[in-house]
Amino acid sequence: MLVLKNWDINLRSREKKTLRSFLFLYAFLTLLILAFVAFLYYGLERDLMLQNQREALSNLTNEQIARLKSLHVNLEKEQIYPRDERFNSAIYDSSLKQIFSTLSTHKVNLYEDIYLKNDRIYFIKELESYYLGARYIVLEVPAPPAWSEKVFRKLLGYGALIFSILVVIGYFLLGLLLRPMKDTIALLDRFIKDTTHELNTPVNAILSNIEMMDLQSLDENMLKKIKRITIASKTICNLYDDLTYLVLSHKILSQDETIDLKLLLEERLEYFSLLFESKKIQLTHTLEEGVYLTIDRKKMTKLIDNILSNAIKYNKIGGFIEVTLGQQGIAIKDSGRGIEKSQINQVFERYSRFDRSVGGFGIGLSIVASIAKEYALHVKLESVLDEGTTVRISW
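For clarity, every value in this text was computed on a predicted model and none was experimentally measured. (Residues numbered from 1 in each chain as written. Predicted model: local features only at pLDDT ≥ 70, side-chain atom pairs only at ≥ 80, totals over all residues. Heavy atoms only, no water.)

### Notes on the overall build of the protein
Assigned secondary structure in the protein consists of eight helices and 12 strands. The buried share of the protein, reckoned over its 395 residues, is 39%. The long-range fraction of contacts in the protein, counting pairs at least 24 apart against all pairs at least 6 apart in sequence, stands at 67%. With the model as given, the accessible surface of the protein reaches about 24,100 Å², and the carbon-plus-sulfur share is 56%. (Helix = DSSP H or I, 4+ residues; strand = E, 2+ residues; numbered from the N terminus. Buried < 20%, exposed > 50% of the residue type's maximum accessible area, 1.4 Å probe, protein only. Contact = heavy atoms within 4.5 Å. Areas by Shrake-Rupley, 256 points an atom, 1.4 Å probe, with all protein chains shown as cover.)

### Quick look at the packing of helix 4 (residues 261-271) against helix 6 (residues 297-313)
Interaxial distance between helix 4 and helix 6 falls to 11 Å at its minimum, and their mutual angle equals 50 degrees. Taken together, the axes of helix 4 and helix 6 lie oblique to each other. Considering the relative orientation of helix 4 and helix 6, their crossing is right-handed. Residue-level contacts link L261, L264, L265, E267, R268 and L269 of helix 4 to R297, M300, T301, I304, D305 and L308 of helix 6. In terms of residue class, the contact of helix 4 with helix 6 is made up of seven nonpolar, one polar and four charged. (Axes fitted to C-alpha atoms, helices over the stretch in contact; angles between N-to-C directions. Parallel < 35°, antiparallel > 145°, perpendicular 65-115°, else oblique. Left-handed = near helix turned anticlockwise from the far one by under 90°. Nonpolar A, V, L, I, M, F, W, Y, C, P; charged D, E, K, R; others polar.)

### With respect to the UniProt feature "transmembrane region" (unreviewed entry) in the protein
Under the local residue numbering, the UniProt record ascribes the feature "transmembrane region" (unreviewed entry) to residues 21-44 and 155-178. With 100% helix and 0% strand, residues 21-44 has end C-alpha atoms that lie 35 Å from one another. For residues 155-178, helix accounts for 100% and strand for 0%, while the C-alpha atoms at its two ends are 33 Å apart. (UniProt positions renumbered as here; feature names shortened; annotations may be inferred.)

### Comments concerning the sheet that holds strand 7 (residues 282-287)
Strands sit in the order 7-9-10-12-11 across an open sheet of five strands; the sheet is mixed. Of all the strands in the sheet, the pair left with one neighbour each is strand 7 and strand 11 (378-384). Direction aside, neighbouring strands of the sheet carry axes that sit 10 degrees apart on average. Sheet topology note: the strand 10 (residues 329-334)/strand 12 (residues 388-394) ladder contains six bridges and is antiparallel. Note that in strand 12 the partner of I330 across the bridge is I393. Taken strand by strand, helix 6 contacts strand 9 (320-326), strand 10 and strand 12, and its axis lies near 20 degrees from that of strand 10. (Pairing = 2+ DSSP bridges.)

Following this line, the structure appears as structure tokens:
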């Protein structure tokens, strides 16, 4: 089931959708690359900062080792672990077990000589002599003030600038990639426009001459031939009307009027009567009196014609079509080939065709969708494969 409330079939909107999708993917990949580069940059800045701190930490460590040596020598007189306001420290034995610690953490990586963790720098040095049974000494000092904020500001500033530049480049790059598609669509539209212009005169000439003929004076064989010509001409006429609407719809001004839908439907069913007869389709209709709608007559005619045309085109020989008109809307049901559920959401897209065994450009239902959108009508399509399709227009 598909409810059309805000259906947009304009090719420009498709182009914008493609552009947004590409830019989203492009931006996501760009952010991943920038994040990787930022990670490397942060690592380099951290290593540089640690190297700058190494000499000062080495001097502090030597001072603490001297205190440990003094404590080791005078252990009988003094048993207080030496402390310093400038740093925290800890000592570990040769089996990496903690002997004493004033550190803010119990987890220290003794396999590194210097590293940064939680905005604190840890400096590890192996002792040449075992003072107090210690093999390793660890110093903990705060990282330089605002160091991380400075690095993150740089990353955000340069990252935003580079990201913006790359997105702009991606936008213009996609424009170059889309240009062949846009040129092809423009060429197709010009072809349709030229085709409609060439079809107009011969189609009108055929239909005019058929209407002027005295059909009652013709024998049965000739009458059958004239009917075939009439059917073919009306099919071409329908196609011509669709192509004209497709090319010129943006230039057509609506002339809304209050229409008696029962009379309009009867007129359109009469128009398609020969097509019903040619496929031996049984037509039944229930048309309620007094149903009116304010709409452009030509557009409403085009909407009904396209639904009926599809109901005939995709119907089986000897099938049926049921047309119902009520105060809430119109329903047209057929016994045709139906549509797969996975394809129902695409039937109103321009140039969409799922059955190549019959003619057409796949523009009929896209026109139905555009007219429905213009007048806030709701189109609901229900279909079962190999059983038939029902199209409902409600308001």
